[in-house]
Amino acid sequence: MKKIFITILSVVFAANVFAQETKTTITLSVSKFSKGLVERWISDYEKQNENVEIRIVSGKAAQNADLVVTGNEVAADRDAVAVAKYALLPVTAAENPLYSELQDKELGEKDLKHLFFELSAEEKLYRRGKALWTDQFKVVSGSGKNAGAAIYAKYFGHEAADFRGNRIAGDDLYLLSALNEDKEQITINNLTYIYDLESRQLKSDLTILPLKLKKRQEVALQSGNLDAIIELLEEEDVDLIPVARLNVVVAKASTEANNFLSFILGDGQQANHDFGFLQLDYKLAQVQSTLISTRLASK
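Numbering of residues starts from 1 in each chain and follows the order in which that chain's sequence is written. Totals for whole chains, interfaces and linings use all residues, but because this is a predicted model, local features are given only for residues with pLDDT of at least 70 and pairs of side-chain atoms are given and counted only at 80 or more. To obtain the side-chain values, all non-hydrogen atoms of the structure were included, while hydrogens and water were left out.

(A) Structural context of the side chain of E256. Numbering of helices and strands starts at the N terminus; helices are DSSP runs of H or I of at least 4 residues and strands are runs of E of at least 2. On the secondary structure map, E256 appears in helix α10 (residues 255-265). One polar contact links E256 to Y45, side chain to side chain, over a distance of 2.4 Å. Here, residues are in contact when the closest pair of their heavy atoms is within 4.5 Å. Beyond its immediate chain neighbours, meaning those up to four positions away, E256 contacts T24, I26, Y45 and V52. Distance and chemistry together define a polar contact, namely a pair of N or O atoms within 3.5 Å, with one atom able to donate a hydrogen and the other to accept it when in protein, and with adjacent residues in sequence counting only for side-chain atoms on both sides.

See the structure below:
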C-alpha cells in the first residue's frame, strides 16, 4: 500500500511539473493607473486557461515585455490594440481658497487654455503684460511617460511643454498629493484616480472645475458619481472632456497573446467600468478584433 501511495504521489508530482513546464508565459509592462484593470483581466483569463501564465513585469524586464499597456498615443508603425478608453477632467482641492473665483463660472475652451497653458506669442503681444483672471491659479501637471498631460494638451491644440506651472515626474497619482500640499493648485487627472472606485463617488478632497456643458452633461458631471459620467461619455462626445484610448502595444506577437487580447475585447470589457475606464464601442472593438485576426495572427 505504501509503495502504491508513493507511486501515486510521484505521478501527481510529475504531472504538475509537466503542466508547469508546458505553460505558456506572457509578460506585460503596465501603466500604473491601468494596473488594477489589467490584473482583473489576467485573473479572469487564467481561470479559463490554466495552461497560461500572464505576469506583469517592471524595471529592466519591462523592456522585453511581450505586451505593453499604455495610455499614450502609439506611433503608426507599432502594432497596437485599443482595449479601453479613459477620460481626463480638470480638478482642484475641495478646499482651494481661490475656488470662489471659479464656482460661478462656466469654463469654456478659451478659459481652460488660459488656466492651464502658456499664452502664445501673439496673445502675449496683444495682452501687453495685462494680467488675466486665470493667472492667479497655480498649475501642476505630470511629466511621466504615462502622464495624461500630453493627451490633454493635444486636445486643446498644445504640447505638454506648454503647461504653466510645475511638473511632477512619475505617476499622475502624485498630482493629487500635490494638490493637498498646495491647495491653490489645479491639475488634470483620469477618472480612475479622482473617483473612489469603491463608493463610486468623487473623492471628498477634490472638486471638478465647472465646465460649460449642455444641461444633461452638466448634471452627470455635478452628480459626483463615477458611473453617471462613464455612461455619459460612452453615449456621446462631450466638448471639453478629452477621451483617449488605453492601448496594448504588441512587442512580441504569439497565438496565446492574441487570444488574451481577444478575451479583453470580449468578456474582458465587463471589468472596465469597475476601474474607471470606458468600454470600447462595438464598432471600434470589431476593428481591433479584425486587427488581431489578420495582421497580428500572420506574425
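(B) Inspection of the pattern of salt bridges at higher detail. Just to be clear on terms, a salt bridge is a Lys or Arg side-chain nitrogen sitting within 4 Å of an Asp or Glu carboxyl oxygen. Under the definition given, this model contains eight salt bridges. Between D281 and K85 there is a salt bridge, with its nearest N and O atoms 3.4 Å apart. Note that D281 is positioned in the loop between α10 and α11 (282-296) and K85 in strand β4 (residues 80-93), a separation of 196 residues in sequence. Its relative accessible area of 35% is what places D281 among the partly exposed residues. Two residues, R216 and E236, come together in a salt bridge whose shortest N-O distance is 2.5 Å. In this pair, R216 sits in helix α8 (residues 215-222) while E236 sits in the loop between α9 (226-235) and β9 (243-250), placing the two residues 20 residues apart along the sequence. For each residue, the accessible area found with a 1.4 Å probe, counting protein chains only, is set against the maximum for its type, and the residue is called buried under 20%, exposed over 50%, and partly exposed in between. The exposure class assigned to R216 is partly exposed, which follows from its relative accessible area of 44%.

(C) Here's a closer look at the nonpolar core. Buried residues of nine kinds, namely Ala, Val, Leu, Ile, Met, Phe, Trp, Tyr and Cys, make up a nonpolar core once their side-chain atoms join them within 4.5 Å. In terms of nonpolar packing, the biggest core is built from 84 residues, with W41, F116, L191 and F260 touching the most fellow members. The element contributing the most residues to this core is β4, with nine residues.

(D) Focus on the side chain of N258. By the secondary structure assignment, N258 is in helix α10. Given a relative accessible area of 8%, N258 falls into the buried group. Not counting residues within four places of it along the chain, the set of residues in contact with N258 comprises I292, L296 and A297.

(E) Seen up close, helix α6 (residues 173-181). L175, L176, A178 and L179 are the residues of α6 that are buried. The arc enclosing the buried residues of α6, seen along the axis, measures out at 155°, which places them on a common side. Buried residues along α6 sit against β4, β5 (138-142), β6 (166-168), β7 (185-190), α7 (191-194) and β8 (206-208). Directions are taken from the helix axis to each C-beta atom, and the arc is the one they span.

(F) Representation of the packing of α10 against α11 within the structure. For the pair α10 and α11, interaxial distance at closest approach is 10 Å and the crossing angle is 170°. When the axes of α10 and α11 are compared, the pair comes out roughly antiparallel. Packed against α10, whose contacting residues are N258, L261, S262 and L265, the element α11 presents A285, Q288, S289, I292 and L296 at the interface. The class makeup of the residues in the contact of α10 with α11 is five nonpolar, four polar and no charged. Each axis is a line fitted through C-alpha atoms, and for a helix only the stretch in contact is used; angles between axes span 0 to 180 degrees, taken between their N-to-C directions. When describing relative orientation, an angle under 35 degrees is termed roughly parallel and one over 145 degrees roughly antiparallel, while 65 to 115 degrees is termed roughly perpendicular and anything else oblique. Throughout, the ten residues Ala, Val, Leu, Ile, Met, Phe, Trp, Tyr, Cys and Pro are labelled nonpolar, Asp, Glu, Lys and Arg are labelled charged, and all others, Gly among them, are labelled polar.

(G) View of the packing of aromatic side chains. The pairing test for Phe, Tyr and Trp rings, Trp by its six-membered ring, is centres within 6.5 Å, and the orientation test on the planes gives stacked under 30 degrees, edge-to-face over 60, and tilted for anything in between. The tally for this structure, following the rule as stated, stands at 10 aromatic pairs. Ring geometry for Y155 and F156: centres 5.1 Å apart, planes at 80°, overall edge-to-face. F156 sits in the buried class, given a relative accessible area of 2%. Members of the aromatic cluster, connected to one another through ring pairs, are F116, F117, Y152, Y155, F156 and F163. A ring is scored as having a charge over it whenever the NZ atom of a lysine or the CZ atom of an arginine sits within 6 Å of its centre and within 35 degrees of its normal. It is K105 that lies over the ring of W133; its NZ or CZ is 4.4 Å from the centre.

(H) Main features of the pairing of β4. With 13 of its 14 residues buried, β4 lies for the most part within the structure. For two strands to pair, DSSP has to find at least two bridges joining them. Both β4 and β7 contribute to a ladder of five bridges, which runs antiparallel. Within β7, the residue paired with L88 across the bridge is N190. Where β4 meets β8, three bridges bridge the pair, whose relative direction is antiparallel. Residue T92 lies in a different strand from β8, and its bridge partner there is T207.

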